[in-house]
Amino acid sequence: MTDIDPRERADGPERPEPPERDDRSDRDDRTRARRDGRELPADDIRARVQQVAVRQQRFERHLAERLGVDRAGLDAMDHLITTGPATPSELARRVEVSTAAMTLVLNRLESAGHVRRERHPSDGRKLVVTAEQASADRAYEQVLPMIDGIERLVEGMDDTERAIVQRFLDRLIGVYDDATP
(Lines give C-alpha, C1' and ligand atoms only; values in the text may rest on other atoms or scores of the structure.)
Protein backbone atom coordinates (compact mmCIF):
# COMPACT_ATOMS: atom_id res chain seq x y z
CA MET A 1 0.00 0.00 0.00
CA THR A 2 1.34 3.43 -0.91
CA ASP A 3 1.08 6.56 1.17
CA ILE A 4 -1.17 9.21 -0.31
CA ASP A 5 -0.04 12.80 -0.14
CA PRO A 6 -2.83 14.69 1.70
CA ARG A 7 -2.55 17.46 -0.91
CA GLU A 8 -3.64 14.98 -3.60
CA ARG A 9 -7.35 14.76 -4.31
CA ALA A 10 -9.34 12.47 -6.56
CA ASP A 11 -9.37 15.13 -9.25
CA GLY A 12 -5.67 15.97 -9.06
CA PRO A 13 -3.23 17.80 -6.82
CA GLU A 14 -4.60 20.54 -4.64
CA ARG A 15 -4.07 23.94 -6.16
CA PRO A 16 -3.47 27.09 -4.15
CA GLU A 17 -6.47 29.40 -3.93
CA PRO A 18 -6.37 32.31 -6.39
CA PRO A 19 -5.53 35.65 -4.84
CA GLU A 20 -8.46 37.74 -3.63
CA ARG A 21 -9.54 40.46 -6.05
CA ASP A 22 -11.53 43.54 -5.30
CA ASP A 23 -14.88 43.59 -7.15
CA ARG A 24 -14.19 46.71 -9.25
CA SER A 25 -10.76 45.53 -10.41
CA ASP A 26 -12.15 42.12 -11.29
CA ARG A 27 -15.08 43.62 -13.21
CA ASP A 28 -12.75 45.95 -15.15
CA ASP A 29 -10.44 43.04 -15.95
CA ARG A 30 -13.35 40.94 -17.21
CA THR A 31 -14.60 43.83 -19.35
CA ARG A 32 -11.17 44.23 -20.95
CA ALA A 33 -10.95 40.47 -21.49
CA ARG A 34 -14.21 40.51 -23.47
CA ARG A 35 -12.95 43.07 -25.95
CA ASP A 36 -11.69 41.70 -29.23
CA GLY A 37 -8.24 42.44 -30.50
CA ARG A 38 -6.36 42.91 -27.26
CA GLU A 39 -3.43 40.64 -26.67
CA LEU A 40 -4.16 38.14 -23.94
CA PRO A 41 -1.53 37.44 -21.28
CA ALA A 42 0.08 34.05 -21.76
CA ASP A 43 -1.32 32.66 -18.51
CA ASP A 44 -4.86 34.12 -18.67
CA ILE A 45 -7.07 31.08 -19.18
CA ARG A 46 -10.15 32.91 -17.88
CA ALA A 47 -9.88 35.56 -20.62
CA ARG A 48 -9.58 32.82 -23.23
CA VAL A 49 -12.68 31.07 -21.91
CA GLN A 50 -14.49 34.43 -22.12
CA GLN A 51 -13.27 34.89 -25.69
CA VAL A 52 -14.60 31.45 -26.63
CA ALA A 53 -17.99 32.43 -25.17
CA VAL A 54 -17.97 35.78 -27.00
CA ARG A 55 -17.09 34.11 -30.28
CA GLN A 56 -19.74 31.41 -29.77
CA GLN A 57 -22.37 34.13 -29.29
CA ARG A 58 -21.09 35.99 -32.35
CA PHE A 59 -21.20 32.80 -34.42
CA GLU A 60 -24.78 32.10 -33.32
CA ARG A 61 -25.82 35.66 -34.28
CA HIS A 62 -24.09 35.20 -37.66
CA LEU A 63 -25.81 31.85 -38.22
CA ALA A 64 -29.22 33.28 -37.29
CA GLU A 65 -28.65 36.18 -39.71
CA ARG A 66 -27.58 33.86 -42.54
CA LEU A 67 -30.66 31.71 -42.01
CA GLY A 68 -32.97 34.71 -41.54
CA VAL A 69 -34.22 33.70 -38.10
CA ASP A 70 -34.21 35.18 -34.62
CA ARG A 71 -32.58 33.63 -31.54
CA ALA A 72 -35.65 31.63 -30.51
CA GLY A 73 -36.06 30.41 -34.09
CA LEU A 74 -32.44 29.32 -34.20
CA ASP A 75 -32.87 27.44 -30.92
CA ALA A 76 -36.03 25.73 -32.22
CA MET A 77 -34.34 24.78 -35.49
CA ASP A 78 -31.32 23.45 -33.61
CA HIS A 79 -33.55 21.13 -31.59
CA LEU A 80 -35.50 19.99 -34.65
CA ILE A 81 -32.35 19.33 -36.68
CA THR A 82 -30.48 17.51 -33.91
CA THR A 83 -33.31 15.59 -32.23
CA GLY A 84 -35.93 15.30 -34.95
CA PRO A 85 -39.60 16.22 -35.16
CA ALA A 86 -41.39 17.46 -32.04
CA THR A 87 -44.71 18.86 -30.96
CA PRO A 88 -44.91 22.62 -30.39
CA SER A 89 -45.26 21.98 -26.63
CA GLU A 90 -42.12 19.84 -26.59
CA LEU A 91 -40.22 22.54 -28.47
CA ALA A 92 -41.45 25.23 -26.09
CA ARG A 93 -40.12 23.20 -23.13
CA ARG A 94 -36.77 22.56 -24.83
CA VAL A 95 -36.28 26.21 -25.81
CA GLU A 96 -37.70 27.38 -22.47
CA VAL A 97 -40.39 29.68 -23.84
CA SER A 98 -44.16 29.68 -23.39
CA THR A 99 -46.32 27.72 -25.80
CA ALA A 100 -47.80 31.02 -27.00
CA ALA A 101 -44.33 32.37 -27.76
CA MET A 102 -43.44 29.10 -29.53
CA THR A 103 -46.51 29.49 -31.72
CA LEU A 104 -45.18 32.87 -32.88
CA VAL A 105 -41.70 31.41 -33.45
CA LEU A 106 -43.14 28.55 -35.49
CA ASN A 107 -45.30 30.94 -37.53
CA ARG A 108 -42.16 32.90 -38.49
CA LEU A 109 -40.16 29.72 -39.22
CA GLU A 110 -42.96 28.24 -41.31
CA SER A 111 -43.46 31.48 -43.27
CA ALA A 112 -39.71 31.51 -44.04
CA GLY A 113 -39.82 27.89 -45.23
CA HIS A 114 -37.68 26.47 -42.41
CA VAL A 115 -40.26 24.13 -40.84
CA ARG A 116 -43.54 22.44 -41.60
CA ARG A 117 -46.36 21.52 -39.23
CA GLU A 118 -48.36 18.37 -39.82
CA ARG A 119 -50.95 16.40 -37.89
CA HIS A 120 -49.52 13.81 -35.50
CA PRO A 121 -49.82 10.37 -37.17
CA SER A 122 -51.55 8.69 -34.20
CA ASP A 123 -53.19 11.65 -32.44
CA GLY A 124 -54.92 13.98 -34.89
CA ARG A 125 -55.36 16.62 -32.18
CA LYS A 126 -51.61 17.23 -32.02
CA LEU A 127 -49.23 18.84 -34.46
CA VAL A 128 -45.70 17.69 -35.23
CA VAL A 129 -43.08 20.19 -36.35
CA THR A 130 -40.33 19.06 -38.71
CA ALA A 131 -37.34 20.98 -40.05
CA GLU A 132 -37.40 21.33 -43.82
CA GLN A 133 -34.46 19.39 -45.27
CA ALA A 134 -33.28 22.27 -47.45
CA SER A 135 -33.15 24.54 -44.40
CA ALA A 136 -31.32 21.90 -42.33
CA ASP A 137 -28.82 21.53 -45.19
CA ARG A 138 -28.24 25.32 -45.30
CA ALA A 139 -27.64 25.38 -41.53
CA TYR A 140 -25.22 22.46 -41.79
CA GLU A 141 -23.29 24.20 -44.60
CA GLN A 142 -22.85 27.22 -42.32
CA VAL A 143 -21.69 25.15 -39.34
CA LEU A 144 -19.48 22.67 -41.23
CA PRO A 145 -16.34 24.87 -41.43
CA MET A 146 -16.36 25.28 -37.65
CA ILE A 147 -16.94 21.56 -37.10
CA ASP A 148 -14.07 20.73 -39.46
CA GLY A 149 -11.77 23.24 -37.74
CA ILE A 150 -12.50 21.79 -34.30
CA GLU A 151 -11.94 18.26 -35.63
CA ARG A 152 -8.52 19.30 -37.00
CA LEU A 153 -7.60 20.81 -33.62
CA VAL A 154 -8.58 17.64 -31.77
CA GLU A 155 -6.80 15.38 -34.27
CA GLY A 156 -3.62 17.46 -33.78
CA MET A 157 -3.48 16.74 -30.04
CA ASP A 158 -1.55 13.91 -28.52
CA ASP A 159 -3.17 11.73 -25.85
CA THR A 160 -1.78 13.78 -22.96
CA GLU A 161 -3.00 17.09 -24.41
CA ARG A 162 -6.40 15.56 -25.15
CA ALA A 163 -6.74 14.27 -21.57
CA ILE A 164 -5.80 17.65 -20.07
CA VAL A 165 -8.20 19.60 -22.28
CA GLN A 166 -10.99 17.09 -21.71
CA ARG A 167 -10.52 17.25 -17.93
CA PHE A 168 -10.55 21.07 -18.02
CA LEU A 169 -13.68 21.18 -20.19
CA ASP A 170 -15.47 18.62 -18.00
CA ARG A 171 -14.75 20.78 -14.95
CA LEU A 172 -15.82 23.92 -16.82
CA ILE A 173 -19.11 22.27 -17.78
CA GLY A 174 -19.56 21.42 -14.09
CA VAL A 175 -19.02 25.07 -13.13
CA TYR A 176 -21.72 26.15 -15.61
CA ASP A 177 -24.05 23.39 -14.38
CA ASP A 178 -23.52 24.43 -10.76
CA ALA A 179 -24.24 28.08 -11.62
CA THR A 180 -27.41 27.32 -13.57
CA PRO A 181 -30.62 26.40 -11.73
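Residues numbered from 1 in each chain as written. Predicted model: local features only at pLDDT ≥ 70, side-chain atom pairs only at ≥ 80, totals over all residues. Heavy atoms only, no water.

Enquirer: Please set out the overall build of the protein chain residue by residue, giving values where relevant.
Expert: A count of helical and extended segments in the protein chain gives 7 helices and 4 strands. Along its sequence from the N terminus, the protein chain presents helices and strands in the succession β-β-α-α-α-α-α-β-β-α-α. Classification of the 181 residues of the protein chain by burial places 23% in the buried group. Taking all contacts inside the protein chain whose residues are at least 6 apart in sequence as the whole, residues at least 24 apart take part in 34%. Looking at the protein chain as shown, the accessible area adds up to about 13,600 Å², and 53% of this sits on carbon and sulfur atoms. (Helix = DSSP H or I, 4+ residues; strand = E, 2+ residues; numbered from the N terminus. Buried < 20%, exposed > 50% of the residue type's maximum accessible area, 1.4 Å probe, protein only. Contact = heavy atoms within 4.5 Å. Areas by Shrake-Rupley, 256 points an atom, 1.4 Å probe, with all protein chains shown as cover.)

Enquirer: Describe the nonpolar core, listing the residues and the values that go with them.
Expert: Within the largest apolar cluster, 22 residues are counted, with the highest numbers of intra-cluster contacts made by Leu67, Val69, Leu80, Leu91, Met102 and Leu109. Breaking this core down by element, the ones donating at least two residues are α2 (45–67), α3 (71–83), α4 (88–95), α5 (99–111), β4 (127–131) and α6 (133–155). Look past the residues within four positions of Leu80 in its chain and what remains in contact with it is Pro85, Ala86, Leu91, Val115, Val129 and Ala131. (Core = buried A, V, L, I, M, F, W, Y, C linked by side-chain atoms within 4.5 Å.)

Enquirer: Explain the side chain of Asp44 to me, using residue names and the numbers behind them.
Expert: Along the chain, Asp44 falls in the loop between α1 (23–34) and α2. Under the relative-accessibility criterion, Asp44 is labelled buried at 13%. Within the structure, the side chain of Asp44 is placed 3.5 Å from the backbone nitrogen of Arg46, a separation counted as a polar contact. (Polar contact = N/O pair within 3.5 Å; in protein donor to acceptor, adjacent residues only side chain to side chain.)

Enquirer: Tell me about α4, and name the residues and values.
Expert: Among all positions in α4, only Leu91, Ala92 and Val95 are buried. The buried residues of α4 all sit within an arc of 100 degrees when viewed along its axis, so they share a single face. Tucked into the core, α4 has its buried residues touching α3, α5 and β4. (Arc of directions from axis to C-beta.)

Enquirer: Describe the environment of Ser135, and please don't skip the residues or the numbers.
Expert: Positionally, Ser135 belongs in helix α6. Here Ser135 falls in the buried class, since its relative accessible area comes to 4%. Distance in space between the C-alpha atoms of Ser135 and Gly113 is 7.5 Å, their sequence separation being 22 residues. A distance of 2.5 Å separates a polar atom in the side chain of Ser135 from a polar atom in the side chain of His114.

Enquirer: Account for the packing of α3 against α5, with residues named and values stated.
Expert: Here α3 crosses α5 at 80 degrees, and the two axes come no closer than 10 Å. Taken together, the axes of α3 and α5 lie roughly perpendicular to each other. Touching Ala72, Gly73, Ala76 and Met77 of α3 are Met102, Val105 and Leu109, all from α5. Here the contact of α3 with α5 is composed, by residue class, of 6 nonpolar, 1 polar and no charged. (Axes fitted to C-alpha atoms, helices over the stretch in contact; angles between N-to-C directions. Parallel < 35°, antiparallel > 145°, perpendicular 65-115°, else oblique. Nonpolar A, V, L, I, M, F, W, Y, C, P; charged D, E, K, R; others polar.)

Enquirer: Go over the packing of α4 against α5, please, and point to the residues and values.
Expert: For any two helices packed against each other, the geometry is given by the interaxial angle and the distance between the axes. Running from N to C, α4 and α5 cross one another at 105 degrees; their axes reach a closest spacing of 9 Å. On the basis of the axis angle, α4 is roughly perpendicular to α5. Of the residues in α5, those touching α4 at Pro88, Ser89, Leu91, Ala92 and Val95 are Thr99, Met102 and Leu106. Classifying every residue of the contact of α4 with α5 by side-chain character gives 6 nonpolar, 2 polar and no charged.

Enquirer: Now, about the pattern of salt bridges: what can you tell me, with residues and values included?
Expert: Taken as a whole and assessed by the stated rule, the structure comprises 8 salt bridges. The shortest N-O distance in the salt bridge between Asp75 and Arg71 comes to 3.3 Å. Of this pair, Asp75 and Arg71 both sit in helix α3, 4 residues apart, roughly one helical turn. Look at Asp75 and you get partly exposed, because its relative accessible area is 23%. Ionic pairing is found between Arg162 and Asp159, a salt bridge with its closest N-O pair at 3.4 Å. Note that Arg162 and Asp159 are positioned in helix α7 (residues 159–179) at a spacing of 3 residues, about one turn of the helix. Classification of Arg162 by relative accessible area gives partly exposed; the value is 29%. (Salt bridge = Lys/Arg side-chain N within 4 Å of Asp/Glu carboxyl O.)

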